[in-house]
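A look at the structure
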Amino acid sequence: MAKDQTVFFSFRSCCCILVFLSAISSIPLLYWSYFFGYDYYSYIQTTVNNKTGPINLLRFPNAWNHLVFSSVPPQRLLKIALFVKKWPAEHHAGGLERHALTLHLALAKRGHELHIFTASSSNLSFPLYPTMNNPHFHISRPTAAGYLDQAIVWKQFQAENASGRPFDVIHTESVGLRYTRSKNLNNLAVSWHGIAYETIHSDIIQVLLRNTTEDPAESHALTERVKKVIEEVKFFPNYAHHVATSDHAGDVLKRIYMIPEERVHVILNGVNEDIFKPNVSKGNDFRSNLGIPESKSIIVGLAGRLVKDKGHPLMFEALQQVFKENSTFRDSVIVLVAGNGPWGIRYKGLGSNNVMVLGPLEQDQLAGFYNAIDVFINPTLRAQGLDHTLLEAILTGKPLIATKLASITGSIIVNKEMGYTYAPTVKELKKVLYKVWEDGREILQKKGKFARERGMKLFTATKMAAAYERLFLCISGDEKQADNYCIYQPQFI
């Protein structure tokens, strides 16, 4: 019995230590973000350009989005294998799938030969791309749990790999290709859109928001998360190269997961800059079609899945309290909610004069939505990846309101000129809502202009695709050419 108690105490201590490490791991990024903000981008640019010699990209410590790559397709075109759990219809993509769709269609348009290993979907018809002849789909039935059947996709991969020209590079979105298959593939890169260590922060938030007498150290979720972190630390080295989609995730992979720095590369997510861009008339039409009165001084927008872990219970409660306690706020502010999920019905209960629930929108409609609002809020409680909705709003020229999560404050809202952040409590969220209302439309427009300027330098699909293309060329396994593509020549100014 004493031995069992000792083992339990040791594991409980391990949980507490990892939770503590999770809390402090974001301090370096928060420090740099707070003190340097937008100037940090200029700082990186200046540092790169002041280099007197070439830079080894595999050891570049910052996001590759800060670098300038040629817009002209390379002379060498790649044969790329992509493993992704689901390939979505273009307007029905979640975060990971949206990333795969945006990135690889951009690479295909640049002339690379793309082979997509994915599972069939019974819910949506499979998309066709008549203007492109280079995406090739290798479809298989998903497992009962909805994942790729590893035995089948591996056979498909081996057959195509032996059919004349072998693959130059292999890319897996998360564990689309399991680590048991990836171990000996040196020309493979995995993109992580969330790792277990990041999620500990989310678990802490959820435990605190439940406001129970439960001992946090005995939380089942936290205990299981620590086990998951240990499991990931063990199997992640089986992937040759790791792409972190936020600065914070890159730091965690190097320090906590102990992956050598030359195998960890930060490439921030990007969204289609041809779709998400300022368009005053489109915004006016969107507001007019909804019948929004001109008397409304501020239009706040939310978009995405309307579920618990995206922070909508917190958002709902904050709005409900503000509407009740301040009639002027209630009469002058309107909230537009785009997306679907159980919290959509609850939002409708706040009254049509205050909240309009629009349901899911197509990309073109989303562009109108962003142009119609004054500020975009993402109340997510998930400390994973880099949310696309934030980037879409930025490119449309809108300031942001978001939770203080390390991935967001370290890569997106790096200072007050970009928008507003808050600790995930009703009290703090209400403070931010009042602050936005007090600042007014003029200040919000200035912040939005600043946000777009930075976004166009970092968060476009073009930037993201160029960075991945260069990484793929670098690790492609062509010994005669690889060294050239792994070396970056600074753009002297």
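Residues numbered from 1 in each chain as written. Predicted model: local features only at pLDDT ≥ 70, side-chain atom pairs only at ≥ 80, totals over all residues. Heavy atoms only, no water.

A look at the state of the cysteines
Defined as follows: The disulfide criterion used throughout: a pair of cysteine sulfur atoms within 2.5 Å. Helix numbers and strand numbers start at the N terminus; a helix is a DSSP run of H or I with at least 4 residues, a strand a run of E with at least 2. Think of it in three bands: residues with accessible area under 20% of the maximum for their type are buried, residues over 50% are exposed, and the middle band is partly exposed, with areas taken using a 1.4 Å probe on protein chains only.
Tallying each qualifying case throughout the model produces one disulfide. A sulfur-sulfur separation of 1.8 Å characterises the disulfide bridge that pairs Cys 474 with Cys 486. Judged by the torsion about the S-S bond (95°), the Cys 474/Cys 486 disulfide is right-handed. Of the two residues, Cys 474 sits in helix H18 (residues 461-474) while Cys 486 sits in the loop between helix H19 (479-485) and strand E15 (487-488), which places them twelve residues apart along the sequence. By relative accessible area, Cys 474 is classed as buried at 4%. On the accessibility criterion, Cys 486 (9% relative accessible area) is buried.

Observations regarding the packing of helix H7 (residues 196-210) against helix H8 (residues 220-235)
Here is the rule: Angles shown run from 0 to 180 degrees and are taken between the N-to-C directions of axes, each axis being a line fitted to C-alpha atoms and, for helices, limited to the stretch in contact. When describing relative orientation, an angle under 35 degrees is termed roughly parallel and one over 145 degrees roughly antiparallel, while 65 to 115 degrees is termed roughly perpendicular and anything else oblique. In what follows, a contact means two residues having at least one pair of non-hydrogen atoms within 4.5 Å.
It is at 9 Å that the axes of H7 and H8 come closest, and there the two elements cross at 175°. Comparing the axis directions of H7 and H8 gives the class roughly antiparallel. For the pair H7 and H8, the contacting residues are Ala 196, Tyr 197, Thr 199, Ile 200, Asp 203, Ile 204 and Val 207 in the first and Ala 221, Leu 222, Arg 225, Lys 228, Val 229 and Glu 232 in the second.

Overview of empty space enclosed by the protein
Put simply, the rule reads: Only protein atoms enter the 1 Å grid used here, on which a cavity is any set of points holding a 1.4 Å probe that cannot leave and a pocket is any open set flanked by protein within 12 Å on both sides along at least five of seven lines; residues with an atom within 4 Å of a point are listed as lining. Grid points are joined across faces, edges and corners, and a volume is the space filled by probe spheres set on the points. Each residue is assigned to one class: nonpolar for Ala, Val, Leu, Ile, Met, Phe, Trp, Tyr, Cys and Pro, charged for Asp, Glu, Lys and Arg, and polar for all the others, Gly among them.
In this structure the tally under the stated criterion is two cavities of 30 Å³ or more. Of the voids in this model, the second largest cavity is the one considered here, and its volume is about 50 Å³. Taken together, Ile 298, Val 300, Leu 319, Phe 329, Val 333, Val 335, Leu 433, Val 436 and Trp 437 form the lining of the second largest cavity. Only strand E9 (298-303), strand E10 (333-338) and helix H17 (426-458) provide two or more residues apiece to the lining of the second largest cavity. Here the lining of the second largest cavity is built from residues that sort into nine nonpolar, no polar and no charged.

Here's the deal with unusual backbone geometry
In this model, Ser 174 sits at a positive phi of 55°, which is unusual for a non-glycine residue. The topology assignment puts Ser 174 in the loop between strand E5 (169-173) and helix H6 (179-182). The phi dihedral of Met 258 falls on the positive side, at around 60°, and the residue is not glycine. Given the relative accessible area of 60%, Met 258 is considered exposed.

Brief notes about the pattern of salt bridges
Cut-off, in case you're wondering: Only one rule defines a salt bridge in this text: a Lys or Arg side-chain nitrogen within 4 Å of an Asp or Glu carboxyl oxygen.
Under the criterion given, the structure shown has 18 salt bridges. With a closest N to O distance of 3.6 Å, Lys 310 and Asp 387 form a salt bridge. Pair noted here: Lys 310 is in the loop between E9 and helix H11 (312-325) and Asp 387 is in the loop between strand E12 (375-378) and helix H15 (388-395), with a separation of 77 residues, a long-range link. Residue classification places Lys 310 among the buried residues on the basis of a relative accessible area of 17%. Given a relative accessible area of 21%, Asp 387 falls into the partly exposed group. Among the ionic contacts, a cluster of salt bridges with common partners joins Arg 59, Glu 261 and Glu 262.

Quick notes on the sheet that holds strand E3 (residues 113-119)
Spelled out, the test is: Strands pair, by our definition, only if DSSP identifies at least two bridges between them.
Spatially, seven strands are ordered E4-E3-E2-E5-E6-E7-E8 in an open sheet, and the strand pairing comes out parallel. Every other strand in the sheet has two partners, leaving strand E4 (135-140) and strand E8 (264-266) as the edge strands with one partner each. Neighbour-to-neighbour, the strand axes of the sheet open up by a mean angle of 20°, direction not taken into account. In terms of strand pairing, E5 meets strand E6 (residues 188-192) through four bridges, oriented parallel. Bridge pairing in E6 links Thr 172 to Val 190.

Overview of H18
Where we set the bar: How far a helix is expected to stretch is found by multiplying one less than its residue total by 1.5 Å.
An ideal rise of 1.5 Å per residue puts 20 Å on 14 residues; H18 measures up with 20 Å between its terminal C-alpha atoms. Most of H18 is tucked away: 13 of the 14 residues are buried.

Let's talk about the sheet that holds E12
In sheet architecture, strand pairing relies on hydrogen bonds along the backbone and comes in two forms, parallel and antiparallel. Pairing is parallel in the open sheet, where six strands are placed in the order E11-E10-E9-E12-E13-E14. Across the chains shown, the open sheet's two edge strands, defined by having one partner strand only, are strand E11 (355-359) and strand E14 (419-422). Taking the axes of each pair of neighbouring strands and ignoring which way they run, one obtains an average angle of 20° across the sheet. Pairing of E12 with strand E13 (residues 400-403), which is carried by three bridges, proceeds in the parallel orientation. Looking across to E13, one finds that Ile 377 is bridged to Ile 401. Strands E9, E12 and E13 of the sheet are contacted by H15, whose axis makes an angle of about 170° with E12.

Concerning the nonpolar core
Put simply, the test is: In this description, a nonpolar core means a group of buried Ala, Val, Leu, Ile, Met, Phe, Trp, Tyr and Cys residues linked to one another through side-chain atoms lying within 4.5 Å.
If you look at the biggest cluster of nonpolar residues, it comprises 104 residues, and the most contacted ones within it are Tyr 257, Tyr 347 and Phe 369. Here this core takes nine residues from H17, the largest share from any one element. If sequence neighbours within four positions are ignored, Tyr 257 has contacts with Ile 195, Ala 196, Tyr 197, Val 229, Glu 232, Val 233, Phe 236 and Val 252. The next biggest cluster of nonpolar side chains, apart from the first, holds 38 residues, and it includes Ala 108, Leu 114, Ala 465 and Ala 466.

Quick word on the environment of Lys 404
Within the fold, Lys 404 resides in the loop between E13 and helix H16 (406-411). A residue is classified by how much of its surface remains accessible, and Lys 404, at 47% relative accessible area, is partly exposed. When the C-alpha positions of Lys 404 and Thr 421 are compared, they lie 5.5 Å apart, and in sequence the two are 17 residues distant. Excluding anything up to four places from it in sequence, Lys 404 contacts His 201, Thr 409, Thr 421, Tyr 422 and Ala 423.

Remarks on the confidence of the model for the chain
What counts, and what does not: The quantity known as pLDDT measures the predictor's confidence residue by residue, on a range of 0 to 100.
Of the residues in the chain, 83% have a pLDDT of 70 or more, and the chain-wide mean is 87. Counting contacts from residues 1-9, a segment whose pLDDT is below 50, to residues more than four positions away or on other chains yields zero contacts. For residues 23-38, every residue scores under 50 in pLDDT, and the model assigns this stretch 24 contacts once sequence neighbours within four places are set aside.

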